[in-house]
Amino acid sequence: MTKQIILLSLIVSATLLASSLVVALVPRANAFDPGGPPVGGAAPSVVTGNWEWINYGPTGGSYSPQNQINKDNVQYLEPKWIYPFNKPGGKPYFDPALQLLGAMAPPIVVDGTIYVAMNDRRILALDASTGKLIWNNTYGTYFDVQKHIAPYPWMQAAPGLHVHAINYYRDKGWLITSSQGSCNLFAIDAKTGKTAWTITTEQLCGTNAEFGDPTKTPAVLGSLGFQGYMAAAGTNPPVFVGDIMFFPAAGRSGGGGRSFVTAFDMSNPANPKRLYREWVMPPPQGDPNWAIGECNKVNGNGWYFEYPRYLEGINYPARNREPTYLATKCTDVSPDVVRNDWIDLVPGSPSFGKVHSASAISPVWGQYVIDQETGIVYLGWGDQGPYTNLTNRYGPGLHGSGFTAHDVRTGKMVWWFNSVPHDLWDYDCSWGAVFGQVQGKKAYIKSCKNGLVFALDAATGKPFWVYDNPNVVRGGTYPGWVPLTVYYGVGANNRPTDKEACCRMTKEDMGKPWIMYPSKEVIRKSCITECLESDLAYDGKRVYMASFNQPGYRHEGPVVRYGNNGLGGAIPPGQADVAALRNANLNAVDVNTGKEVWTYRLEGFAHRGGVSVTGGMVMMYATDGNLKFLNAETGKLLHEKFFGIPVNSMPTVGATKAGKMLVLVYVGGGGGGPVPAVGGRTDGSLIAYGLPDNLPQPQVITKEVIKEVPKEVIKEVIKEVPKEVIKEVPKEVIKEVPKEVVKEVTVETISPISYAAIGIGVVLVVISGVLFSRKKKV
């Protein structure tokens, strides 16, 4: 019996000691095993050295499961190299006076190579170990877009502006950036840096015969029933399912154009074959039953979000009740309310009974995520132009300022969610999304510029929860402010029941001409045209987002043939109310409940660009010029690095070929958005931070074993050891066991469970040794 106890004790103690060491010293996975995107909405779990898409991978979320750089050693980060950007030589196609310099698209990392999409459309490949240039592709920089599109009167070219994203497509070996306008797309061979293929304007969008001529008076309609212009701003890079390339092409905000989704067979990139074209807004001639038909074609899985009803449900402004309303099913809305969606109902208007020439849905700026198992892709669309005078546009504006889900193979819509019906504010939904998991089910998690975050059932679009950050100001009067009159969801008395509160699914609200109608006074808003202007992050437990308040003003301009008509901007800095209300709030929300876990507040600054999460910490390049690292569990600030310049681009992480992880961040350049673009007129640099080869020696602290092992665990161990065995241990042996035998290393964090295991193992080893010694004597 004693022999068996000795053997069992030795086995248990050895197992416990070994397991504790495994917890503390788990080996790294292969740094370049791509692992493939996670399925079922789960967060990535395969540790790689790559960050292949703007938001990490095809499912988004800006989360890397690496733990080499983590919340316990982030303070030791040091610069490994700096790559300074400079202006391109020669004569680029864009206007340098309008061009944002440097880079804005977050850098991506593939198998030890970093790829940077410059705002001037150069693509750079850098060695992650040294920062040295491998190759430089200038196809987009010297591609004369104005000359290229001159034959197409329905196309407008961007003067340069900025590039939102670059993605790597592992199956193809291609790099693709945000498009040059809605109708120009090209790919780069990631290994050689050579241009792999291009898709022309006619291939991607269409011909003059199909799209007509909006420069004529009246506009000449094409055979596709099209008026207005396709967008000059770039759309986020496409998604692939096998050889099928899916891409949304959009009109120009305030510039007309009929948005659609399309796909191509890219098995032979030299000869792309269009598979379909599916429209997401009605034809210019108007379709009175557009919204009704959109509800029917998704079998009733269409949803309208009525913000005043949501606020009533939570008892705003007290916010002391659980939400009783999340969305209205399209089948529950009277057909009379949504009939004539997009149509000009003003008698005597040149476009009476039709879609006004300026009406359009603007592009998809952010990553559209995909469920690789089902082939369903999820899009967040731009605003319902023209904003913000909608005198000549009735209805909810499907599908602008909302979300649509499509089958990549057919383009058919699966469901839709109209997050801002009759958008009077320019609250588009175009930033990056997350394909995640809520309560064990696949979910699409997406924010809009109204500051709201929606978690929707990926199969039906039905909401799991809606998160409305209480720090975003909606209305009311504040110290140092003239009365705030934004009136989104509330009215003059800061109540959702006020007559000004908009918008509910009623004919009155669907026909409201502008926010303060009939007043034409200047209105003051808490966040100009957006309250959330950045990508979300998701680690499987929490969703992280950064919303903000930034005082602004707006008044309505006249309706014009082409162009937006809301006039305004930031409130002059000299006014006291600017400092009183400008702030950013980084929030963590429980993914299963939508409940806030923590908030980190940044006073005096807004935020743009996104946040990322890795190694148990959230990374945020704040507009106060600091790169901040916060504890993902608590929101506590762990460390920050001061650069003194806002960049508006989130940091990413990736590994060298030797498997050493780096944090990559732009300093200078970038620019764009609702924050002071101090870095927008500088070239900027890319800086790589990593850990030193030898971390500082850990501080050693000795502790008594008994303090590390819970009493109930000790009791359980004692229960397992027979009383007669305990009696057989000589007192002098017990006395020889030193009290202070456990050493805690403060640099590497080891779970308390591991300490308990080590403590129990030590006790069992001592007992086993005594029993073995006694047995030999017998």
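Residues numbered from 1 in each chain as written. Predicted model: local features only at pLDDT ≥ 70, side-chain atom pairs only at ≥ 80, totals over all residues. Heavy atoms only, no water.

## Focus on the packing of aromatic side chains
Then step 1. Throughout the structure, instances matching the rule amount to 36 aromatic pairs.
Then step 2. Taken together, a centroid distance of 6.3 Å and an interplanar angle of 65 degrees make the contact between F246 and Y368 edge-to-face. In this pair, F246 is assigned in strand β13 (residues 244–249) and Y368 in the loop between β19 (360–361) and β20 (369–371), connecting sequence segments 122 residues apart.
Then step 3. The class for F246 is buried, based on a relative accessible area of 0%.
Then step 4. Relative to Y444, the ring of F403 has its centre 5.6 Å away and its plane inclined at 80 degrees; by these criteria the two rings are edge-to-face. You can see F403 sitting in strand β23 (residues 403–407) and its partner Y444 sitting in strand β26 (residues 441–447), a full 41 residues away along the chain.
Then step 5. Of note, R277 hangs over the ring of F260, and the distance from its end group to the ring centre comes to 5.0 Å.
Then step 6. For R393, the ring lying beneath its charged end belongs to W342, and the centroid distance is 4.9 Å. (Phe/Tyr/Trp six-rings, centres within 6.5 Å; stacked < 30°, edge-to-face > 60°. Helix = DSSP H or I, 4+ residues; strand = E, 2+ residues; numbered from the N terminus. Buried < 20%, exposed > 50% of the residue type's maximum accessible area, 1.4 Å probe, protein only. Lys NZ or Arg CZ within 6 Å of the ring centre and 35° of its normal.)

## Topic: the environment of Y76
Then step 1. Secondary-structure assignment places Y76 in the loop between β1 (63–64) and β2 (78–84).
Then step 2. Residue classification places Y76 among the partly exposed residues on the basis of a relative accessible area of 24%.
Then step 3. Spatially, the C-alpha atoms of Y76 and L691 are 6.0 Å apart, while their sequence positions differ by 615 residues.

## Details of the state of the cysteines
Then step 1. Taken as a whole and assessed by the stated rule, the structure comprises four disulfides.
Then step 2. The disulfide partner of C502 is C503, and the gap between their sulfur atoms is 1.9 Å. In this structure, the disulfide formed by C502 and C503 twists by about 80 degrees around the S-S bond and is classed as right-handed.
Then step 3. Note on C503: relative accessible area 4%, which makes it buried. (Disulfide = S-S within 2.5 Å.)

## Considering the side chain of S351
Then step 1. One can find S351 in the loop between α8 (335–338) and β19.
Then step 2. When its relative accessible area of 10% is taken as the criterion, S351 is described as buried.

## Observations concerning the sheet that holds β20
Then step 1. Strand order in the open sheet formed by six strands is β18-β17-β24-β23-β21-β20, with mixed pairing between adjacent strands. Among the strands making up the open sheet, the edge pair consists of β18 (328–329) and β20.
Then step 2. Pairing analysis gives three bridges linking strand β17 (residues 302–304) to strand β24 (residues 413–418), with the strands arranged parallel. Paired with G302 across the two strands is W416, which belongs to β24. (Pairing = 2+ DSSP bridges.)

## Digging into the pattern of salt bridges
Note that side chains of opposite charge can pair when their charged atoms are close.
Then step 1. Evaluation of the coordinates by the stated rule reveals 30 salt bridges.
Then step 2. Note that D111 is salt-bridged to R170, the shortest N-O span being 3.3 Å. With D111 in the loop between β3 (108–110) and β4 (113–117) and R170 in the loop between β7 (166–169) and β8 (174–177), this pair connects stretches of sequence that are 59 residues apart.
Then step 3. Its relative accessible area of 28% is what places R170 among the partly exposed residues.
Then step 4. As a salt-bridge pair, E210 and R277 come within 4.0 Å of each other at their nearest N and O atoms. With a gap of 67 residues between them, E210 in helix α5 (residues 208–211) and R277 in strand β16 (residues 273–279) connect regions that are remote in the sequence.
Then step 5. Classification of R277 as buried rests on a relative accessible area of 17%.
Then step 6. Put simply, D539, K541, R542 and E633 are held in one network by salt bridges that share partners. (Salt bridge = Lys/Arg side-chain N within 4 Å of Asp/Glu carboxyl O.)

## Examining the confidence of the model for the chain
Then step 1. Per-residue confidence for the chain gives a mean pLDDT of 82; residues scoring 70 or more make up 77%.
Then step 2. Under a pLDDT of 50 for its full length, residues 720–778 has, in the predicted model, 80 contacts with residues more than four places off or in other chains. (pLDDT = per-residue confidence, 0-100. Contact = heavy atoms within 4.5 Å.)

## So, the side chain of N73
Then step 1. Tracing the chain through its elements places N73 in the loop between β1 and β2.
Then step 2. Within polar-contact distance, the side chain of N73 engages the backbone oxygen of Q68 at 3.1 Å.
Then step 3. A polar contact is formed between the side chain of N73 and the backbone nitrogen of N70, at a distance of 2.9 Å.
Then step 4. When sequence neighbours within four positions are dropped, the list of residues in contact with N73 reads Q68 and L691. (Polar contact = N/O pair within 3.5 Å; in protein donor to acceptor, adjacent residues only side chain to side chain.)

## A word on the pairing of strand β15 (residues 260–265)
Then step 1. Summarising burial for β15: five of the six residues are buried, a large majority.
Then step 2. Two elements, β13 and β15, share six bridges in a ladder whose sense is antiparallel. Residue pairing across strands places F246 opposite A263, the latter belonging to β15.
Then step 3. Both β15 and β16 contribute to a ladder of six bridges, which runs antiparallel. The residue of β16 that forms the bridge with F260 is W279.

## Quick notes on the sheet that holds strand β25 (residues 434–438)
Then step 1. With antiparallel pairing, the four strands of this open sheet are ordered in space as β25-β26-β27-β28. The outermost strands of the open sheet, each flanked by one partner alone, are β25 and β28 (463–468). Direction aside, the axes of adjacent strands within the sheet are offset by 25 degrees on average.
Then step 2. Here five bridges tie β26 to strand β27 (residues 452–457), and the two strands are oriented antiparallel to one another. (Axes fitted to C-alpha atoms, helices over the stretch in contact; angles between N-to-C directions.)

## Some words on the pairing of strand β5 (residues 123–127)
Then step 1. Extensive coverage of β5 is indicated by the burial of four of its five residues.
Then step 2. Of the strand pairs in this sheet, β4 and β5 are connected by five bridges, and their pairing is antiparallel. Bridging from a neighbouring strand, I114 pairs with L126 of β5.
Then step 3. Count of turn residues in the β4/β5 antiparallel hairpin: five residues, of which R121 carries a positive phi of about 75 degrees.
Then step 4. With four bridges joining them, β5 and strand β6 (residues 133–137) adopt antiparallel strand pairing. Looking at β6, one finds that A125 is bridged to W135.

## Focus on helix α6 (residues 290–297)
Then step 1. Among the residues of α6, W290, A291, E294 and C295 are the ones counted as buried. In an axial view of α6, the angular spread of the buried residues amounts to 140 degrees, which keeps them on one side of the axis. (Arc of directions from axis to C-beta.)

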